[in-house]
Amino acid sequence: MNHTDTICATATAQGGAIGIIRVSGTSAIDIVNSIFSPIGKFALPLKERKSHSLIYGQIKMSDGEILDDVLVSLFKAPHSYTGEDSVEISCHGSNYILTQVLHLLLATGCRMATPGEFTQRAFLNGKMDLSQAEAVADLISSSSQATHRIAMNQMKGGFSKELRTLRDKLLHLTALMELELDFSDHEDLEFADRSELEMLTSEVNEVLLKLINSFRIGTTIKEGVPVAIIGATNTGKSTLLNVLLQEEKAIISNIHGTTRDIIEDTIQINGVKFRFIDTAGIRKTDDIIENIGIQRSFVALEKADIVLLVQDLTTPSEVFENFCQEVYSLLEGKKIVVVQNKCDEVSTIVPLPQLLTALQAEQVTISAKENLHIERLQEMLIRLAALPSIAQGDTIVTNIRHYEALKNAQSAIERVRTGLSTYLSGDFISQDLREATHYLGEIIGELTTDNVLHHIFKNFCIGK
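Below you will find a few notes about this structure. Since we're looking at a predicted model, the values are computed, not measured. Residue indices begin from 1 for each chain and proceed along its sequence in written order. Only residues with pLDDT of at least 70 get local features here, since the model is predicted, and only at 80 or more are side-chain atom pairs given and counted; chain-wide, interface and lining totals rely on the full set of residues. Water and hydrogen atoms were dropped before computing side-chain values, which therefore reflect all heavy atoms in the structure.

1. Structural notes on the pattern of salt bridges
Side chains that differ in charge, positive against negative, can pair when their charged atoms come close. Criterion for a salt bridge: a side-chain nitrogen of Lys or Arg within 4 Å of a carboxyl oxygen of Asp or Glu. Applying the stated criterion across every chain, the model contains 20 salt bridges. Across the pair Asp 5 and Arg 121 runs a salt bridge whose closest N-O atoms are separated by 2.9 Å. Residue Asp 5 is located in the segment before β1 (7-10), and its partner Arg 121 is located in helix α3 (residues 117-124); the two are separated by 116 residues in the primary sequence. The rule is simple: take the accessible area with a 1.4 Å probe, protein chains only, and divide by the maximum for that residue type; under 20% is buried, over 50% is exposed, in between is partly exposed. The exposure class assigned to Arg 121 is buried, which follows from its relative accessible area of 1%. The residue Glu 203 makes a salt bridge to Lys 169 at a minimum N-O spacing of 3.4 Å. Here Glu 203, found in helix α7 (residues 194-223), pairs with Lys 169, found in helix α6 (residues 158-182); they are 34 residues apart in sequence, far enough to count as distant. Note on Glu 203: relative accessible area 33%, which makes it partly exposed. The network of salt bridges with common partners includes Asp 5, Glu 84, Arg 111, Glu 117 and Arg 121. Strands are runs of DSSP state E lasting at least 2 residues, helices are runs of H or I lasting at least 4, and numbering of each runs from the N terminus.

2. Points about the nonpolar core
The term nonpolar core refers to a set of buried residues drawn from Ala, Val, Leu, Ile, Met, Phe, Trp, Tyr and Cys, joined through side-chain atoms within 4.5 Å. Ranked by size, the top nonpolar core spans 29 residues in total, and within it Leu 163, Leu 170, Leu 208, Leu 406 and Leu 440 carry the most contacts. Of all elements in the fold, only α6, α7, α13 (400-421) and α14 (426-444) reach the threshold of two or more residues within this core. With eight residues, α13 is the largest single contributor of residues to this core. Sequence-distant contacts of Leu 208, defined by excluding residues within four places in its chain, comprise Leu 166, Leu 406, Ala 409, Gln 410, Ile 413 and Leu 440. Counting 28 residues, the second largest nonpolar core, distinct from the first, contains Leu 240, Val 272, Val 310 and Leu 381. Pairs of residues are marked as contacts when any of their non-hydrogen atoms sit within 4.5 Å.

3. Remarks on the environment of Lys 458
One can find Lys 458 in the segment after α15 (450-457). The partly exposed category is assigned to Lys 458, whose relative accessible area is 43%. Taking C-alpha positions, Lys 458 is 8.0 Å from Thr 114, a pair spaced 344 residues apart along the chain.

4. Things to note about α3
Among the eight residues in α3, seven count as buried, and that is most of the element. Within α3, the full set of buried residues consists of Glu 117, Phe 118, Thr 119, Gln 120, Arg 121, Ala 122 and Phe 123. Phi turns positive one or two residues past the end of α3, at Gly 126, with a value near 75°.

5. A closer look at the sheet that holds strand β7 (residues 111-112)
Read from one edge to the other, the open sheet built from seven strands follows the order β3-β4-β5-β6-β2-β1-β7, with strand pairing classed as mixed. Strands with a single pairing partner mark the edges of an open sheet, and in this sheet they are β3 (36-38) and β7. Its contacts with the sheet place helix α2 (residues 95-107) against β1, β2 (18-24), β4 (53-60), β5 (66-75), β6 (86-92) and β7, and it is angled at close to 15° to β2. Criterion used throughout: strands pair if DSSP finds at least two bridges between them. Under this scheme, a helix contributes an axis fitted over its contacting stretch, all axes are lines through C-alpha atoms, and angles between N-to-C directions fall in the 0 to 180 degree range.

6. Regarding the side chain of Asp 138
Inspection of the secondary structure puts Asp 138 in helix α4 (residues 130-141). Pairing of N or O atoms within 3.5 Å defines a polar contact, subject to two protein rules: one partner must be a possible hydrogen donor and the other a possible acceptor, and residues neighboring in sequence count only if both atoms are side-chain atoms. Looking at Asp 138, its side chain comes within polar contact range of the side chain of Lys 222, at 3.1 Å. Not counting residues within four places of it along the chain, the set of residues in contact with Asp 138 comprises Ala 151, Lys 222 and Thr 398.

7. Observations regarding the sheet that holds strand β13 (residues 362-365)
Across a sheet, strands are paired by hydrogen bonds formed along the backbone, either parallel or antiparallel in direction. Read across the sheet, six strands follow the order β9-β10-β8-β11-β12-β13 without closing on themselves; strand pairing throughout is mixed. Edge positions in the sheet fall to β9 (263-269) and β13, since each has one partner strand and no second. If you compare each strand with its neighbour and ignore which way they point, the axes differ by 25° on average. Across five bridges, the pairing between strand β8 (residues 225-231) and strand β10 (residues 272-278) is parallel. By the bridge assignment, Val 225 is partnered in β10 with Phe 274.

8. Some details on the environment of Ala 175
Turning to its location among the elements, Ala 175 is positioned in helix α6. Judged by relative accessible area, which is 45%, Ala 175 ranks as partly exposed. A C-alpha to C-alpha distance of 9.8 Å links Ala 175 and Leu 433, two positions 258 residues apart in sequence.

9. Describing the packing of aromatic side chains
Only centres within 6.5 Å qualify two rings of Phe, Tyr or Trp (six-membered ring in Trp) as a pair; their planes then separate them into stacked at under 30 degrees, edge-to-face at over 60, and tilted for everything else. Considering all chains together, one arrives at four aromatic pairs under this definition. When the ring of Phe 320 is compared with that of Phe 323, the centres are 6.5 Å apart and the planes differ by 25°; the resulting orientation is stacked. You can see Phe 320 and its partner Phe 323 sitting in helix α10 (residues 317-331), three residues apart, about one turn around the helix. A relative accessible area of 6% places Phe 323 in the buried class.

10. With respect to helix α8 (residues 237-245)
Owing to its 3.6 residues per turn, the α-helix brings residues three or four apart onto one side. Along α8, nine of the nine residues are buried, which leaves the element largely enclosed by surrounding structure. Inspection of α8 places Lys 237, Ser 238, Thr 239, Leu 240, Leu 241, Asn 242, Val 243, Leu 244 and Leu 245 among the buried residues, and these make up the whole buried set. The secondary structure elements touched by the buried residues of α8 are β8, β9, β10, β11 (306-312), β12 (335-341) and α12 (374-385). Gln 246 occupies a position one or two residues after α8 and carries a positive phi of about 60°.

11. Structural notes on the packing of α7 against α13
Each packed pair of helices is defined by two parameters, the angle between the axes and the distance between the axes. As a packed pair, α7 and α13 sit with axes 9 Å apart at the nearest point and diverge in direction by 155°. Classed by the angle they form, the pair α7 and α13 counts as roughly antiparallel. Where α7 crosses over α13, the two elements pack in a sense that is left-handed. From α7, Arg 194, Leu 197, Glu 198, Thr 201, Ser 202, Val 204, Asn 205, Leu 208, Leu 209, Leu 211, Ile 212 and Phe 215 reach across to α13, where they touch Ile 400, Tyr 403, Leu 406, Lys 407, Ala 409, Gln 410, Ile 413, Glu 414, Val 416, Arg 417, Leu 420 and Ser 421. In these notes the angle categories are as follows: under 35 degrees is roughly parallel, over 145 is roughly antiparallel, 65 to 115 is roughly perpendicular, and the rest is oblique. Crossing chirality is assigned from the near helix's rotation relative to the far helix, an anticlockwise turn below a right angle marking it left-handed and a clockwise turn marking it right-handed.

12. Quick notes on the packing of α4 against α14
For the pair α4 and α14, interaxial distance at closest approach is 5 Å and the crossing angle is 40°. Comparing their axes, α14 and α4 come out oblique. Across from Leu 130, Ser 131 and Glu 134 in α4, the residues of α14 making contact are Glu 442, Ile 443 and Ile 444.

Following this line, the structure appears as structure tokens:
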């Protein structure tokens, strides 16, 4: 990919009142100037304007016909998002107008930007490190206060600062170890005090473990708390899913085995994102397709943090107890809520089976069909999710690439600690220190490749 040419792209979604087209590169100002006519007493060319100027004028077609009245925002290098000369054209949001402006730009020397290319150029030009660049996509897709704060902290460099502090400590340790190696023929010289090294590696290890352990919370906040809705056929699982999502997501029928596959969607309840997974009713059947759905129900049950066991109060309690016996081995370690459904059709409520009491299961009585007591279930879900509140400045890992690099760095530090405690040769310890430093450098982009960059930026939206 050529990073010296000038790129353009629409930066706003279709259908809005205003549309913005971004242009960035060495010829950005000249290209826009060729299709833009400023209006006013001091109608200076864009090249003669100061950076961060806002200029009113018109975009004209090649035959001189006025296409639109626009505002042009001017950003001169290096004081722009990409670090290059950049221009943003704000026009009316008509798809026709936006398309014609892009055609004019392309005909005058621009090319269309690839997904994430503006942010990639910002990274390559030193405007942000790689972890900050990745946070841009997370900020755009943030759907709650928590995900917004996590992304904003990372984009502002909070995560990078923490990693650089760790790298500085590791580089200091490595320098001391390698200095010893340079003077290895002098046995009485010891530049790296072993007790100090053990203390520093312990501090680094503690921070790395904190970041690694935050990944589970981070992914849960980002993707939603996984909640599996489990039960026998016709207990009201799909009705419950529809009520929780407040839309007709699942087909509802009195026919047993209607749901044959996983149905999944997310919704926020009081600011907490939940990912509800409706599953096929678990029963013995000769239907091949239904059995595949039932096997997927067991997989969903294994992956869930919270399990809603739906009990049909209109059937004998022994039926539910037999069902619980069947799935019992998959319930251990889960947060379990027995959702006693169809309370509008019965006069008495049955107690929990003894085996669920042993698993500290909770229960709530509802009618999904009549939308009764759903708020009690929602309150219970929020409490069981037990997600910590995210404050500004908190570093929470949500990126699988960062997580894997942190685990590799921590593994290398563990080898360093083992080497120090067993008086391993300094050259082996030094190698592990360099490896830990390498993995931290991968996160912030000090060590990267074109393949890594392509993988990271390919899922960005065009125009960002």
